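Tertiary structure, described
Listed below are the residues making up each chain.
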Amino acid sequence: MRAADTRTGTDTGGLGHVVVIGGGIAGLAAAHRLLGAGARVTVLEASHRLGGKLHAGEIAGVRVDLGAESMLARRPEAVALAREVGLGDRLQPPATASAAIWTRGALRPMPKGHVMGVPGDASAVAGVLSDEGLRRIEEDRELPPTEVGDDIAVGEYVARRVGREVVDRLVEPLLGGVYAGDAYRISMRSAVPQLYEAARTHTSLTEGVRDIQARAAASRQTGPVFMGIDGGIGQLPLAVAESVRARGGEILLGCAAHGLRRVEDGWEVYVEDWDLEADAVVLAVPAPHAARLLEHDAPGAAAELRAVEYASMALITLAYRRADVGALPDGSGFLVPPVDGRTIKASTFASQKWGWIAEQDPDLFVLRTSVGRYGDEKDLGRPDGELVDISRRDLRAATGLEAAPVASAVTRWDGGLPQYPVGHHARVARIREQVGRVPGLAVCGAAYDGVGIPACVASANAAVDQLTGDLSAVRELTANPVQSLHGGAGE
Ligand SMILES: Cc1cc2nc3c(=O)[nH]c(=O)nc-3n(C[C@H](O)[C@H](O)[C@H](O)COP(=O)(O)OP(=O)(O)OC[C@H]3O[C@@H](n4cnc5c(N)ncnc54)[C@H](O)[C@@H]3O)c2cc1C
């Protein structure tokens, strides 16, 4: 069946009918902005659930997040979107700012004075590193400059300046909490742009970090660094979708776009046995899907997108009777450096971190662990029950928690997080250049300028601006990717 011509170029603010492919937070944010710009909008979502990696769920009758659970509030995009769609009253900061790191055989307080694990001086990380590791940090001041060129792996640069221990015991678990990646592969320019800038302007990394810290203090940014949402971050895409529908946008679930063709004055989007006509298309899907859809009209961009790799992981959510749990360490949970050879990579004590979870059932205690990261996905082949058992074993070793949970849920995120290896920013610039040559086409989402929710929203906003002819945001994002932080246990 062929759909009626749905192009409406003249009466919709010049944008006409825009089809957004992907109903994750990037696609929904794009749809929301497109409606504000006067377009007629159709969102296609392949699955039967909106939100992608944002997933509000439930365990033992308590609402929880089964995917992303917090968003950086020091960037405006995500909290602004939440407010725009009526969630302002439900924004909630974490109940605790402290966390721990399970390293060298003990849970140790996560140091506070660092930039993605890199301290301004050795004393800031005393307690986490060995005496030798602390001594090595001091050598940074005496070392000759380290060449960073156009980009360098975070781990490589930091290890050269302040030693491998800082990378293995601090940078790696913190970066892993965001990218589920490998610090010795991840691009410093794309993933920690502040450190890349510091590396270009300072010979000493610790001095560069102190400079970043001084500027942050001088900027007097107040308010919480992270925000959650009462009911779950998973409420955000649902509220955005509600707002999109309320303003006349159409959202089709269970509708995968199988193909895309540029035609004389617009686009044809192929969905099962019918197609949709559009004046413009926003692609808000993970890189492999975007690659397939762009094969015909932007083969160069498709080839670049095919090269973007992803890490898979699983989240294991466990609910206990609070009375069975006994005393757990204070704080939001702990991170685990891979170098220690444990299976879990982190644990978030959700009932201690989020007031809205604790309040739902004071007799229940909810926590979650994560398993799997780039290059270390063997445990993901295990059945759910084994992932629960392994989590319990590691939790017992870290915290002494012996109790049996009353409920468990394993959420698998295959291809959950795109990896940003060295040179990622250049790849994104090439993709954007090739996409920009095709009229009425824009891309957004986690594969490009940052994996965190604010970065995804920023890329959605930039994609819409690009369609309206304003390229400044896309250029700015390509040149200066957004640092993606989110409130994993260690933040
Ligand atoms: C386990 C986990 C925890 C995370 N925690 C946090 C956190 O606490 N804070 C934070 O800021 N970030 C976090 N992130 C990162 C962040 O959640 C994601 O990067 C972000 O949500 C990605 O949004 P997106 O819209 O780009 O893509 P997605 O969420 O992947 O959405 C893309 C959508 O497109 C759909 N789709 C795919 N192909 C097609 C097609 N052909 N046609 C139609 N639809 C299609 C998919 O079904 C999906 O719904 C986490 C990520 C994971 C995996």
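Model, not experiment: these values are computed from the prediction.

**Looking at the overall build of the protein chain**
- Per the secondary structure count, the protein chain includes 18 helices and 22 strands.
- In terms of overall size, the protein chain behaves like a compact globule, its C-alpha atoms giving a radius of gyration of 23 Å where 491 residues would be expected to give roughly 23 Å.
- Over its C-alpha atoms, taken along the principal directions, the protein chain stretches across nearly 70 × 55 × 45 Å.
- Across the 491 residues that make up the protein chain, the buried fraction comes to 59%.

**Examining the sheet that holds strand E14 (residues 266-271)**
- Strand order in the open sheet formed by three strands is E13-E14-E15, and the pairing between neighbours is antiparallel. At either margin of the open sheet sits one strand with a lone partner, and together these are strand E13 (257-263) and strand E15 (274-278). Strand after strand, the sheet turns through a mean of 20 degrees between neighbouring axes, direction not considered.
- Bridge count between E13 and E14: six bridges; the pairing is antiparallel. The partner of Val-263 across the bridge, within E14, is Gly-266.

**With respect to the UniProt feature "domain: Amine oxidase" (unreviewed entry) in the protein chain**
- When the UniProt feature table is mapped to this numbering, "domain: Amine oxidase" (unreviewed entry) covers residues 25-467.
- Secondary structure over residues 25-467 splits into 38% helix and 23% strand, and the C-alpha atoms at its two ends are 19 Å apart.

**Side note on the nonpolar core**
- Counting residues in each nonpolar core, the largest one holds 50 residues, and the members touching the most others are Val-158, Val-171, Leu-175, Met-188 and Leu-195.
- Broken down by secondary-structure element, the contributors of at least two residues to this core are helix H3 (131-138), helix H4 (154-162), helix H5 (164-179), helix H6 (188-191), helix H7 (193-201), helix H8 (205-218), strand E17 (310-321) and strand E21 (407-418).
- Top element by residues in this core is H5. It accounts for eight residues.
- Other than its neighbours up to four places away in sequence, Met-188 contacts Val-148, Asp-151, Ile-152, Ala-153, Val-154, Tyr-157, Pro-193, Leu-195, Tyr-196 and Ala-199.
- Of all hydrophobic cores here, the second largest spans 46 residues; its members include Leu-15, Ala-29, Ala-73 and Ile-233.

**Observations regarding the side chain of Lys-353**
- Here Lys-353 is to be found in helix H13 (residues 350-353).
- A distance of 2.6 Å separates the side chain of Lys-353 from the side chain of Glu-69, its partner in a polar contact.

**Some details on the site of the ligand**
- In the vicinity of the ligand, 35 residues are found, and the nearest of them are Glu-45, Lys-53, Ser-70, Val-451 and Ile-453.
- Within the backbone of Ile-25, an N or O atom sits 3.2 Å from an oxygen atom of the ligand.
- One nitrogen or oxygen atom from the side chain of Lys-53 is found 2.6 Å from an oxygen atom belonging to the ligand.
- For the ligand, whose accessible area on its own is 1000 Å², the fraction buried by protein is 93%.
- Contributions of two or more residues to the shell around the ligand are made by helix H1 (25-36), strand E2 (40-45), E17, E21 and helix H17 (453-467).
- Here the element with the most residues in the shell around the ligand is E21; it accounts for three residues.

**A look at empty space enclosed by the protein**
- As enumerated under the stated definition, the model contains one cavity of 30 Å³ or more in all.
- Space inside the largest cavity adds up to approximately 50 Å³.
- Lining the largest cavity are Val-64, Asp-65, Glu-69, Thr-317, Ala-350, Trp-354, Ile-357, Val-366, Leu-367 and Arg-368.
- Of all the secondary-structure elements, those providing two or more residues to the lining of the largest cavity are strand E4 (62-65) and strand E20 (364-371).

**Regarding the pattern of salt bridges**
- In this structure the tally under the stated criterion is 27 salt bridges.
- Its salt-bridge partner being Arg-135, residue Glu-132 comes within 2.9 Å of it at the nearest N-O pair. Here Glu-132 and its partner Arg-135 are both found in helix H3, three residues apart, which amounts to about one turn of the helix.
- Close ionic contact of Arg-412 with Asp-384 constitutes a salt bridge, the shortest N to O distance being 2.7 Å. One end of the pair, Arg-412, is in strand E21; the other, Asp-384, is in helix H15 (residues 384-399), and 28 residues separate them in sequence.
- Owing to a relative accessible area of 32%, Arg-412 belongs among the partly exposed residues under this scheme.
- If you follow the salt bridges from partner to partner, you end up with Glu-304, Arg-427 and Arg-430 in one network.

**Quick notes on helix H11 (residues 299-306)**
- Those residues of H11 lying buried are Ala-301, Ala-302, Glu-304 and Leu-305. The buried side chains of H11 occupy one side of the element, clustering within an arc of 165 degrees when seen end-on.

**Overview of unusual backbone geometry**
- Notably, Ala-60 is not glycine yet its phi reads approximately 50 degrees, a positive angle.
- Within the secondary structure layout, Ala-60 lies in the loop between strand E3 (56-59) and E4.
- Of note, Glu-272 is a non-glycine position whose phi angle comes to about 45 degrees, a positive value.
- In this structure, Glu-272 sits in the loop between E14 and E15.
- Judged by its relative accessible area of 58%, Glu-272 is exposed.

Parameters and conventions
- Starting from 1, residues in each chain are numbered consecutively following that chain's sequence as written.
- Given that this is a predicted model, residues contribute local features only at a pLDDT of at least 70 and side-chain atom pairs are listed and counted only at 80 or more, while totals for whole chains, interfaces and linings are drawn from all residues.
- Remark: hydrogens and water are excluded; side-chain values derive from all non-hydrogen atoms of the structure.
- Numbered from the N terminus, helices here are DSSP runs of H or I no shorter than four residues, and strands are runs of E no shorter than two.
- We compute the radius of gyration over the C-alpha atoms and compare it with the globule rule, which gives 2.2 Å times the number of residues raised to the power 0.38.
- For every residue, the accessible area (1.4 Å probe, protein chains only) is compared with the maximum for its type, and the residue is labelled buried under 20%, exposed over 50%, or partly exposed between those bounds.
- Here a strand pair is declared whenever DSSP counts at least two bridges between the two strands.
- Axis lines are fitted through C-alpha atoms, for helices just across the contact stretch, and the angle between N-to-C directions can take any value from 0 to 180 degrees.
- UniProt positions are given in the numbering used here, feature names are shortened, and annotations may be inferred rather than shown by experiment.
- The term nonpolar core refers to a set of buried residues drawn from Ala, Val, Leu, Ile, Met, Phe, Trp, Tyr and Cys, joined through side-chain atoms within 4.5 Å.
- In what follows, a contact means two residues having at least one pair of non-hydrogen atoms within 4.5 Å.
- In protein, a polar contact means a hydrogen-donor-capable atom and an acceptor-capable atom, both N or O and within 3.5 Å, with residues adjacent in sequence counting only if both atoms are side-chain atoms; elsewhere, any N or O pair within 3.5 Å suffices.
- Near residues are defined by distance, with any heavy atom within 4 Å of the molecule or strand qualifying the residue.
- Shrake-Rupley sampling with a 1.4 Å probe provides the accessible areas, and residues are treated as covered by the protein chains on show and by no other component.
- The way it works is a 1 Å grid over only the protein atoms, where trapped points that fit a 1.4 Å probe form a cavity and open points with protein on both sides within 12 Å along at least five of seven lines form a pocket, and then any residue with an atom within 4 Å of a point lines it.
- Grid points are joined across faces, edges and corners, and a volume is the space filled by probe spheres set on the points.
- Just to be clear on terms, a salt bridge is a Lys or Arg side-chain nitrogen sitting within 4 Å of an Asp or Glu carboxyl oxygen.
- Note that the arc is defined by the directions from the helix axis to the C-beta atoms.

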